[in-house]
Amino acid sequence: MTYLFNNPANFADELIEGFVAAHRHQIQRVDGGVMRRQRAITGQVVVVIGGGSGHYPAFGGFVGLGLAHGAAMGNIFAAPSAQQICHVAQAVDAGGGILFCYGNYAGDVLNFNLAQERLRVQGIDVRTIVVTDDLASASVIEKHKRRGIAGTLPVFKAAAIAADAGKSLDEVFRIATEANERVCSLGVAFSGCTLPGANKPLFEVMNGKMEVGMGIHGEPGLYRIDSLTADGVAEMLVDKLLSEVPQAVSDVSGARVGVILNGLGAVKYEELFVVYRKIEQLLSARGLIIVEPVVDELITSFDMAGISLTLFWLNEELEQTWIAAADTPAFHRGVIADIAHLIGNDIEAKSAAEKLPVKPGAADSQAAAKIVLSAFEAAVDAINAQQEYLGRLDAIAGDGDHGFGMLRGLSAAVDAAKAALNAQAGAGTLLMVAGDAWSNRAGGTSGMLWGVILRNLGNALGDDARPNSATVAAGVASALQAVIDLGKAQPGDKTLVDVLYPFSTALNDGAAKGLSLAEAWTAAAEIAGQSAEATKNLIPKIGRARPHADKSIGHSDPGAVSMAMIIDAAGRIIRKHCD
Ligand code: ADP
Ligand code: MG
């Protein structure tokens with residue numbers, strides 16, 4: 001239960017504002033997130049982390065000396081947008097290259113990858129480490145598919161210490177890669193979390209039961225068992241983690257490990273200590289040498305009741321990064337000795353580049369832009385009416401934010417479209433501006449993809465002529481191609497591609513037959529609706545829902561359903577205003 005909030009839609013912005021106000025000596029606000037107060041040394045590598053909000057201290061709390069240089073902070077449980085990530089990266093860039101480091105979630109991967117592409121075009125050297133420590137989310141053979149949880153901290157730390165030591169981007173990348181290979185975590189949960197403004201938990205765990213391996217956004221766990229005692233939980237977590245020792249560790253007895261016992265939100269420190277007492281006994285009994293353990297809240301899931309245990313298998317190099325000093329809002333260790341060179345080196349964050357003025361479109365295109373705005377408004381109404389349903393659909397195998405995220409993105413698109421229309425934008429520019437606003441405000445996987453869809457459609461329509469069935473069909477086809485190129489989903493993978501692909505084909509068929517836009521769109525919208533319904537029978541092969549394929553069967557894909565709703569709403573406007 002969240003007790004204190006104003007308008008839930010502003011919760012993430014307001015928490016970031018207060019967080020920065022409370023830690024001004026260490027961090028400062030930058031468009032898209034936060035960065036260190038002090039400037040990095042010119043020519044050094046910098047480390048940019050990030051993810052959704054609602055997991056404090058991950059991720060903004062890990063920015064500061066001895067840890068990350070900057071963090072992109074998304075909305076509650078939603079990945080930051082590519083624009084946000086770019087802003088943070090540009091603000092902290094010191095000229096020696098940037099390492100992106102974040103937990104493995106589809107939305108984060110898509111947005112960080114897009115940001116990486118954009119920064120590389122600007123000549124900035126960027127590499128990426130995706131942290132994959134959560135044992136529950138895939139088998140060890142598919143470690144690259146695992147999610148990132150509390151094991152993100154040792155990887156961030158390894159990267160940052162290497163970067164601040166002046167190592168090259170290749171070296172920083174190597175050290176962070178090795179850290180990720182040597183870290184493994186597992187969690188249990190006793191109850192779900194309730195997001196600000198929601199009247200029931202995002203997910204529930206039955207009384208007297210615990211869920212093993214549940215994700216930090218409520219992604220379902222491996223299995224449910226009867227609740228254990230504190231010692232019983234400690235034994236289970238230690239057993240499971242010791243069943244997967246990295247190959248590089250030849251002998252468990254005598255091995256040195258960093259240990260993290262993480263509280264997920266509602267569990268008290270006192271409870272953590274009771275569990276840690278047993279963990280220490282068990283690891284010591286197996287001959288492990290514990291180095292600088294951390295018993296704390298590091299990556300939470302709002303008010304979820306649960307804990308996770310992380311083992312970080314050290315070698316000499318990684319041990320140095322693990323024990324190194326750090327001074328951030330949420331993580332302190334030792335004393336940062338060598339800060340003399342940083343004193344007086346505070347920097348003011350640069351603000352993002354001003355938006356380019358909109359160029360007026362031709363009269364025909366401006367008239368079409370008005371219709372596009374009406375279509376967005378109709379889409380907002382349609383999604384608003386089904387927001388709860390979309391969230392529930394997403395919660396079955398994903399994280400439950402789809403309805404909220406779509407509404408947030410669409411509302412931003414409407415605001416931007418209105419402003420563009422006032423500036424006499426044509427239909428193409430209006431769509432592009434709306435797409436940027438959508439992805440920037442919504443974040444997440446679908447926010448990023450809708451941004452790409454609208455950008456491609458806008459680009460194809462341009463600002464010179466009234467769109468017709470042929471130009472719209474070509475624009476939708478290019479949007480489809482861009483979504484497949486970026487997201488790598490194929491038809492049948494149970495994503496919004498399962499609607500966009502048949503919709504695009506039908507629209508192009510209609511246009512080829514010489515149908516009007518209204519006729520072609522109506523026929524294609526019918527197929528989009530049927531295709532969304534048909535995703536019920538598919539098995540998810542990509543995105544957040546993939547680890548819980550079985551739960552998803554029998555339920556449609558949320559992104560596919562919302563896309564069909566938007567297509568349908570747009571169809572009503574097109575029939576009213578176009579031939
Ligand atoms: P998130 O997964 O970041 O929480 P949303 O809940 O807003 O994002 O959106 C989830 C939807 O995104 C899924 O239902 C699916 O339709 C779509 N999706 C996820 N991954 C991909 C992908 N790689 N390509 C295309 N669509 C995807
Ligand atoms: Mg989601």
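Higher on the page you've got the structure.
The paragraphs below set out a description of the structure included in this document. Note that the coordinates shown come from a computational prediction; the quantities given were computed from them, not determined experimentally.

A word on the packing of aromatic side chains. If you walk through the whole model with that rule in mind, you get 10 aromatic pairs. Ring geometry for phenylalanine 77 and phenylalanine 302: centres 6.5 Å apart, planes at 75°, overall edge-to-face. One end of the pair, phenylalanine 77, is in the loop between strand E4 (70–76) and helix H2 (82–92); the other, phenylalanine 302, is in the loop between strand E11 (289–296) and strand E12 (305–313), and 225 residues separate them in sequence. Given a relative accessible area of 1%, phenylalanine 77 falls into the buried group. Exposure remark for phenylalanine 302: the relative accessible area of 18% places this residue in the buried category. Judged by centre distance (5.1 Å) and plane angle (75°), the rings of phenylalanine 100 and phenylalanine 112 are edge-to-face.

Over its 16 residues, helix H14 (residues 497–512) runs 22 Å from end to end, which matches the ideal 22 Å to within 8%, given 1.5 Å per residue. All of the buried residues in H14 are Val497, Asp498, Val499, Leu500, Phe503, Ser504, Ala506, Leu507, Gly510 and Ala511. Downstream of H14 by one or two residues, glycine 514 has phi in the positive range, about 85°.

Our next topic: the site of ligand 1. Around ligand 1 lies a shell of 19 residues, among which Asp399, Thr445, Ser446, Gly487 and Asp557 are the nearest. The separation between an oxygen atom of ligand 1 and a polar side-chain atom of threonine 445 is 2.8 Å. In isolation ligand 1 has 570 Å² of accessible area, and contact with the protein removes 95% of it. Looking at the shell around ligand 1 element by element, the count peaks at four residues for helix H12 (residues 444–461). By residue class, the composition of the shell around ligand 1 is six nonpolar, eight polar and five charged.

Here the focus is the sheet that holds strand E1 (residues 27–30). The mixed open sheet is built from six strands, whose spatial order is E1-E2-E4-E3-E5-E6. Each having just a single partner strand, E1 and strand E6 (126–131) make up the two edges of the open sheet. On average, each strand axis in the sheet is inclined to that of its neighbour by 25°, with strand direction left out of account. Contacting strand E2 (33–36), strand E3 (46–53), strand E5 (98–103) and E6, helix H4 (residues 152–164) crosses the sheet at an angle of about 170° to E5.

Here we take up unusual backbone geometry. Cis geometry marks the peptide bond from tyrosine 56 to proline 57; its omega dihedral reads 10°. On the secondary structure map, proline 57 appears in the loop between E3 and E4. Going from alanine 58 to phenylalanine 59, the amide bond is cis rather than trans, its omega being 5°. Position of phenylalanine 59 among the secondary structure elements: in the loop between E3 and E4. For glutamate 292, which is not glycine, the phi dihedral falls at a positive 45°. With respect to the element layout, glutamate 292 can be found in strand E11. Phi at lysine 488 takes a positive value of approximately 65°, unusual for a residue other than glycine. Relative to the helices and strands, lysine 488 resides in the loop between helix H13 (469–487) and H14.

A full pass over the atoms with the stated rule returns 21 salt bridges. Note that glutamate 533 is salt-bridged to lysine 536, the shortest N-O span being 2.7 Å. Taking relative accessible area as the criterion, glutamate 533 reaches 46% and is therefore assigned partly exposed. Judged by relative accessible area, which is 28%, lysine 536 ranks as partly exposed. The structure contains a network of salt bridges with shared partners spanning Glu171, Arg174, Glu178, Arg182 and Glu317.

Looking at where serine 53 falls in the secondary structure, it is placed in strand E3. Within the local environment of serine 53, its side chain forms a polar contact with the backbone oxygen of glycine 74, the two atoms lying 2.6 Å apart. The residues contacting serine 53, other than those within four sequence positions of it, are Ala12, Leu15, Ile16, Met73, Gly74, Asn75, Ile76 and Phe77.

It is worth spelling out the coordination of the magnesium ion (ligand 2) at this point. The protein atoms that coordinate the magnesium ion (ligand 2) are Asp394 (OD), Asp399 (OD) and Asp401 (OD), at distances spanning 2.0 to 2.3 Å. Mapped onto the sequence, the donors of the magnesium ion (ligand 2) take the spacing D-x4-D-x1-D. The exposure class of aspartate 394 is buried, given its relative accessible area of 10%.

What follows covers the sheet that holds E11. Pairing in this open sheet of six strands is mixed, and the strands run E9-E8-E7-E12-E10-E11 from one edge to the other. Where the open sheet ends on each side, the last strands, each with one partner, are strand E9 (223–226) and E11. Sheet twist, expressed as the average angle between the axes of neighbouring strands with direction ignored, equals 20°. Strand direction decides the pairing type here: strand E10 (residues 256–263) and E11, joined by six bridges, are parallel. Across the sheet, isoleucine 260 pairs through a bridge with valine 294, a residue of E11. Lying over the sheet, helix H8 (residues 316–323) contacts E10, E11 and E12, oriented at roughly 35° with respect to E11.

With that settled, consider the pairing of strand E7 (residues 183–191). In terms of burial, E7 is largely enclosed, as seven of its nine residues are buried. Sheet analysis places E7 next to E12, joined by eight bridges and oriented antiparallel. If you follow valine 183 over to E12, its bridge partner there is phenylalanine 312. Strand direction decides the pairing type here: E7 and strand E8 (residues 209–212), joined by two bridges, are antiparallel. Counterpart to alanine 189 in the pairing with E8 is glutamate 211.

The rules behind these values
- Residues numbered from 1 in each chain as written.
- Chains lettered and ligands numbered in written order.
- Predicted model: local features only at pLDDT ≥ 70, side-chain atom pairs only at ≥ 80, totals over all residues.
- Heavy atoms only, no water.
- Phe/Tyr/Trp six-rings, centres within 6.5 Å; stacked < 30°, edge-to-face > 60°.
- Helix = DSSP H or I, 4+ residues; strand = E, 2+ residues; numbered from the N terminus.
- Buried < 20%, exposed > 50% of the residue type's maximum accessible area, 1.4 Å probe, protein only.
- Expected span 1.5 Å × (residues − 1).
- Near = heavy atom within 4 Å.
- Polar contact = N/O pair within 3.5 Å; in protein donor to acceptor, adjacent residues only side chain to side chain.
- Areas by Shrake-Rupley, 256 points an atom, 1.4 Å probe, with all protein chains shown as cover.
- Nonpolar A, V, L, I, M, F, W, Y, C, P; charged D, E, K, R; others polar.
- Pairing = 2+ DSSP bridges.
- Axes fitted to C-alpha atoms, helices over the stretch in contact; angles between N-to-C directions.
- Contact = heavy atoms within 4.5 Å.
- Salt bridge = Lys/Arg side-chain N within 4 Å of Asp/Glu carboxyl O.
- Donors = N, O, S within 2.8 Å, 3.2 Å for Na, K, Ca; no water.

This is a description of form; function is not addressed.
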